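Summary of the model geometry
Below are the chains, spelled out letter by letter.
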Amino acid sequence: MLRADMDALPIKEATGLSYASTVTGTGPDGKPTSVAHSCGHDMHVACLMGAASLFARSRDSWHGTLMAVFQPGEETAQGAQAMIDDGLFKRFPKPDVVLGQHVMSLPSGHLDWRKGVVTSSADSMQIRMFGRGAHGSMPEASIDPVVLAASTVMRLQTIVSREVAPTDSAVVTIGVLQAGTKENVIPDEAIIKLNVRTFDEGVRKHVLAAIERIVNAEAAAAGAPKPPEITPLDRYSSVTNDSDATEKVVQAFRQNFPDGSIEETRPTMASEDFGCFGAEWDAPAVYWFFGGDDPETYAKAKKNGTISSLPTNHNPRFAPVIHPTLETGVKALVVGACAWLAS
């Protein structure tokens, strides 16, 4: 099984390219939003289409069954499970291996791999904090949810710095802080939306418990009229590569790609629902990364210590160069699959 995710993001593209997205859609809140493939999923689709086309044209040179899966809903952590719930496992035979890839901010033409945990687990949630509204000139008549939310955001930053060991890894990101509609009106409530990334299940449980503890304690300290509402939004499990299957793929890569272009990497705090297929199908899975940055631009940034300034996935300016990114992605899928189909 070869998998490519194909959904976009509610982002207005700012690449300036002739083929930049001008599409608009409707967000979960019912409001219009710009839409763009700012995570490279359009590249993933093109690579899988290319690989499937090559396999179809050369049917006499391999044997077995190739299943090309174009998956929606990766960005909401719903797509893979939705396909499974829709009968994917009943409609198609269990594969010997599940393979997937993702374009990243790496030199185009390069492939990164690792055995074991590849991507982190992720938990997203909404926190609704309650106060008491009042006129902006009379803060004493209020329980200000803006101040409450602000103090909560700052306190949440101490979880990673003071409650997680330096040898462990965790990320707590507040992506949304919403309150009020007018500068002289203290509102009744505030909304916080946050995202947690971890590799270890014990660390994950501690961080989630710490968030709940802090949120409730800050509300109590402010004299909030009722406890906050904590609502889970989405959940990603970590992606774990099968050791033997990864070794088989990497050996095939090394035989078919130039020296120096295949590199073992560390786990990334990015998250994926790709792992659902292998885990629930009880089949070995391998997931790797391929570069999308212009090699000269990347090398210059690395020399100058400015790699972090390059547009990454989910950035409005993220735009993988087409060549040799496309060729690399197509070839990686073909070479990886042929490790089984040509054996």
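Residues numbered from 1 in each chain as written. Predicted model: local features only at pLDDT ≥ 70, side-chain atom pairs only at ≥ 80, totals over all residues. Heavy atoms only, no water.

**Structural notes on the overall build of the protein chain**
Scanning the protein chain from N- to C-terminus turns up 10 helices and 16 strands. A principal-axis box enclosing the C-alpha atoms of the protein chain has dimensions of 80 × 45 × 40 Å. Of all 343 residues assigned to the protein chain, the portion counted as buried reaches 43%. Carbon together with sulfur atoms contributes 54% to the accessible area of the protein chain, which is approximately 17400 Å² in total. In the protein chain, which carries 30 positive and 40 negative side-chain charges, the distance between the mean positions of the two groups comes to 1 Å. (Helix = DSSP H or I, 4+ residues; strand = E, 2+ residues; numbered from the N terminus. Buried < 20%, exposed > 50% of the residue type's maximum accessible area, 1.4 Å probe, protein only. Areas by Shrake-Rupley, 256 points an atom, 1.4 Å probe, with all protein chains shown as cover. Lys, Arg positive; Asp, Glu negative; His and termini not counted. Charge placed at Lys NZ, Arg CZ, Asp CG, Glu CD.)

**Some thoughts on unusual backbone geometry**
A cis amide bond links His323 with the next residue in sequence, Pro324, at an omega value of 5 degrees. Within the secondary structure layout, Pro324 lies in the loop between helix 9 (295-304) and helix 10 (325-341). A positive phi angle, near 60 degrees, is found at Ala77, a position not held by glycine. Along the chain, Ala77 falls in the loop between strand 4 (68-71) and helix 2 (79-85). Notably, Asp282 is not glycine yet its phi reads approximately 55 degrees, a positive angle. Relative to the assigned elements, Asp282 resides in the loop between helix 8 (275-281) and strand 16 (285-293).

**Focus: the environment of Asp188**
With respect to the helices, strands and loops of the structure, Asp188 is situated in the loop between strand 11 (185-186) and strand 12 (189-198). A sequence separation of 57 residues divides Asp188 from Gly131, and the C-alpha atoms of the two residues are 4.9 Å apart. With residues near it in sequence (within four places) discarded, Asp188 still touches Met129, Phe130, Gly131, Arg132, Gly133 and Pro145. At 2.6 Å, the side chain of Asp188 forms a polar contact with the backbone nitrogen of Gly133. (Contact = heavy atoms within 4.5 Å. Polar contact = N/O pair within 3.5 Å; in protein donor to acceptor, adjacent residues only side chain to side chain.)

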